[in-house]
Amino acid sequence: MKIKEIIQVIEAYAPPVYQESYDNAGLIFGDPQTEVTNVLLTLDATEAVIDEAIAKGCNLVVAHHPIVFGGLKKINGKNYVERVAIKAIKNDIAVYAAHTNLDNVRNGVCMEMGRRLGLVNCRVLQPKKGLLKKLFTFVPEADAEMVRAALFEAGAGHIGNYSECSFNAAGEGTFKGEEGTDPYVGTPGKRHFEAEIKLEVIFPVYLEGKILQALLSAHPYEEVAYDIVALDNAYSQVGSGLIGELPGEMEEMAFLQHVKAQFRAGCVRYTPLRGKPVKKVALCGGAGSFLLKPAIGAGADAFISADFKYHEFFDADNQLIIADIGHFESEQFTVELFYHILTEKFRNFAPLKSTITTNPVNYL
């Protein structure tokens, strides 16, 4: 198995197009054509993790956080990023990161947090826009189902929790084949009238190539008429944060103790209690203070995230409880998510989970 095959599986789950503009997810070091000896899964690709990979015979490290965010103008070992780069390259260790793209997919980092708390009825807290397109095409009535099925198979037609969604309108198309054409119906040189179905389907932008290939392969016409338009619709399956419900209401302090235990947090920084039970919970892995207003707007009783600044705690304004559990603590189970993604696809493959705790924060 080659490195690129591991990457393809992860990126099918969390497409790179979903990463934020500031991010640097992807293959940081290494050749995608290299054969994999084994994979080490981690939250952070630190020097200690690279040493662990060397000791365990792993030539690919899959991390959540990219070790390189900005450009490296010099690599001479003056900081931990450069030392990791030198050590990884010298020892032929490839380093790959799936970061905000894995944060933003519905079944990504935030859902893994939600599972730890037992949340149900989960949805993306702040869905993203600009990630959907719509295809319009025109198909002879007798061939409409064949084309429709091919588009569905390629990934078109998903709206929320519904699949195989399309709109179909009957009409009449006209065309005249010029010299050298071989029309599916009609005679070259004569205008032809054909009963057709106008077929419309929505698809995520990263599937456009696959959708077009399916259309052109299944459509019977020599020249296929179609339109693709970008949509501004919010994509419910991709975005920031998650909101769900506890199976039953919990008293506030009992809930905070539950959160602390489930995330093995050294401490939980929280805003004043409101004297109300907790039922609806919003959360975000890593630094999630930017989602406080959406969490309040969604009616959350509590918002679990990390890296809140002092003055941001005031913004809760007694409308919910902020529970800051720490950056590492909120994302630590991403390793389990990586493991699930890879073993679900490669049943006889056993990637290794790093035993190094990369959390740079300690608690007294």
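Notes on the structure in this doc start here. Not measured: the values here are computed from a predicted model. (Residues numbered from 1 in each chain as written. Predicted model: local features only at pLDDT ≥ 70, side-chain atom pairs only at ≥ 80, totals over all residues. Heavy atoms only, no water.)

**Here we look at the pairing of strand β12 (residues 278-287)**
Here β12 lies mainly inside the structure; 7 of its 10 residues are buried. Across 5 bridges, the pairing between strand β10 (residues 234-250) and β12 is antiparallel. Residue pairing in the sheet places G244 in a bridge with V281 of β12. As paired strands, β12 and strand β13 (residues 302-306) are joined by 4 bridges and run parallel to one another. Across the sheet, residue V281 finds its bridge partner in β13, namely A302. Once you follow β12 into helix α9 (residues 292-297) and on to β13, the crossover reads as right-handed. (Buried < 20%, exposed > 50% of the residue type's maximum accessible area, 1.4 Å probe, protein only. Helix = DSSP H or I, 4+ residues; strand = E, 2+ residues; numbered from the N terminus. Pairing = 2+ DSSP bridges. Right-handed = clockwise from strand over helix to strand, strands pointing away.)

**Thoughts on the nonpolar core**
Ranked by size, the top nonpolar core spans 32 residues in total, and within it I6, I10, V39, L60, V62 and L102 carry the most contacts. Elements with a minimum of two residues in this core: α1 (3-13), β2 (39-44), β3 (60-65), β4 (94-97), β10 and α12 (334-345). Beyond its immediate chain neighbours, meaning those up to four positions away, V62 contacts I10, V39, L40, L41, T42, Y96 and F338. In terms of nonpolar packing, the next biggest core, distinct from the first, is built from 23 residues, L119, L246, L256 and V268 among them. (Core = buried A, V, L, I, M, F, W, Y, C linked by side-chain atoms within 4.5 Å. Contact = heavy atoms within 4.5 Å.)

**Digging into the side chain of T42**
By secondary structure assignment, the location of T42 is in strand β2. Separated by 3.0 Å, the side chain of T42 and the backbone oxygen of D44 make a polar contact. Excluding residues within four positions of it along the chain, T42 makes contact with V49, V61, V62, A63, H64, V335, F338, S354 and T358. (Polar contact = N/O pair within 3.5 Å; in protein donor to acceptor, adjacent residues only side chain to side chain.)

**Here's the deal with the packing of helix α5 (residues 109-117) against α12**
Relative orientation of the contacting elements α5 and α12 amounts to 105°, with a least axis distance of 9 Å. With respect to α12, the element α5 is oriented roughly perpendicular. Contacts between α5 and α12 involve V109, E112 and R116 from the first element and T334, E336 and L337 from the second. Among the residues forming the contact of α5 with α12, the class breakdown is 2 nonpolar, 1 polar and 3 charged. (Axes fitted to C-alpha atoms, helices over the stretch in contact; angles between N-to-C directions. Parallel < 35°, antiparallel > 145°, perpendicular 65-115°, else oblique. Nonpolar A, V, L, I, M, F, W, Y, C, P; charged D, E, K, R; others polar.)

**A short note on the sheet that holds strand β6 (residues 132-140)**
Taken in spatial order, the 4 strands make up an open sheet running β7-β8-β6-β9, and their pairing is antiparallel. Here the strands that pair on one side only, and so sit at the sheet edges, are β7 (167-176) and β9 (226-231). Shown here is a sheet whose adjacent strand axes are inclined to one another by a mean of 30°, direction ignored. For β6 and strand β8 (residues 191-204), the ladder comprises 9 bridges, and the chain directions are antiparallel. Paired with P140 across the two strands is E196, which belongs to β8. In this fold helix α6 (residues 144-153) packs onto β6, β7 and β8, with an angle of close to 20° to the strand it touches most, β8. The sheet strands contacting helix α7 (residues 208-218) are β6, β8 and β9, and the helix crosses β9 at an angle near 160°.

**Considering the packing of helix α2 (residues 47-55) against helix α3 (residues 80-90)**
It is at 9 Å that the axes of α2 and α3 come closest, and there the two elements cross at 15°. With respect to each other, α2 and α3 are oriented roughly parallel. The crossing of α2 and α3 is left-handed. Across from E47, I50, D51 and I54 in α2, the residues of α3 making contact are Y80, R83, V84, K87 and A88. Taken together, the residues of the contact of α2 with α3 break down into 5 nonpolar, no polar and 4 charged. (Left-handed = near helix turned anticlockwise from the far one by under 90°.)

**Remarks on unusual backbone geometry**
In this structure, N121 takes a positive phi of about 55° despite not being glycine. Here N121 lies in strand β5 (residues 120-129). Positive phi, close to 50°, is recorded for D317, a residue that is not glycine. Position of D317 relative to the elements: it lies in the loop between α10 (310-314) and β14 (321-324).

**Here we look at the environment of V268**
By the element assignment, V268 lies in the loop between α8 (252-262) and β11 (269-270). Looking at V268, the relative accessible area reads 17%, which means it is buried. Sequence separation between V268 and G326 is 58 residues, and the spatial gap between their C-alpha atoms is 7.7 Å. Leave out the neighbours within four places in its chain, and V268 touches L256, K260, A323, D324 and I325.

**Some details on the sheet that holds β14**
A sheet is described by the order of its strands in space; here 6 strands give the open sequence β5-β10-β12-β13-β14-β11, paired in mixed fashion. The open sheet has two edge strands, β5 and β11, and neither has a second partner. Against the sheet, α5 makes contact with β5, β10, β12 and β13, and its axis sits at roughly 140° relative to β12, the strand it touches most. Here α8 sits on the sheet in contact with β10, β11, β12, β13 and β14, set at roughly 120° to β10.

**Quick notes on α2**
All of the buried residues in α2 are V49, I50, E52 and A53. Each buried residue of α2 sits inside an arc of 155° when the element is viewed along its axis, so together they form one side. Buried residues in α2 make contact with β2, β3, α3, β4 and β15 (352-353). Two residues or fewer after α2 comes G57, characterised by a positive phi angle close to 70°. (Arc of directions from axis to C-beta.)

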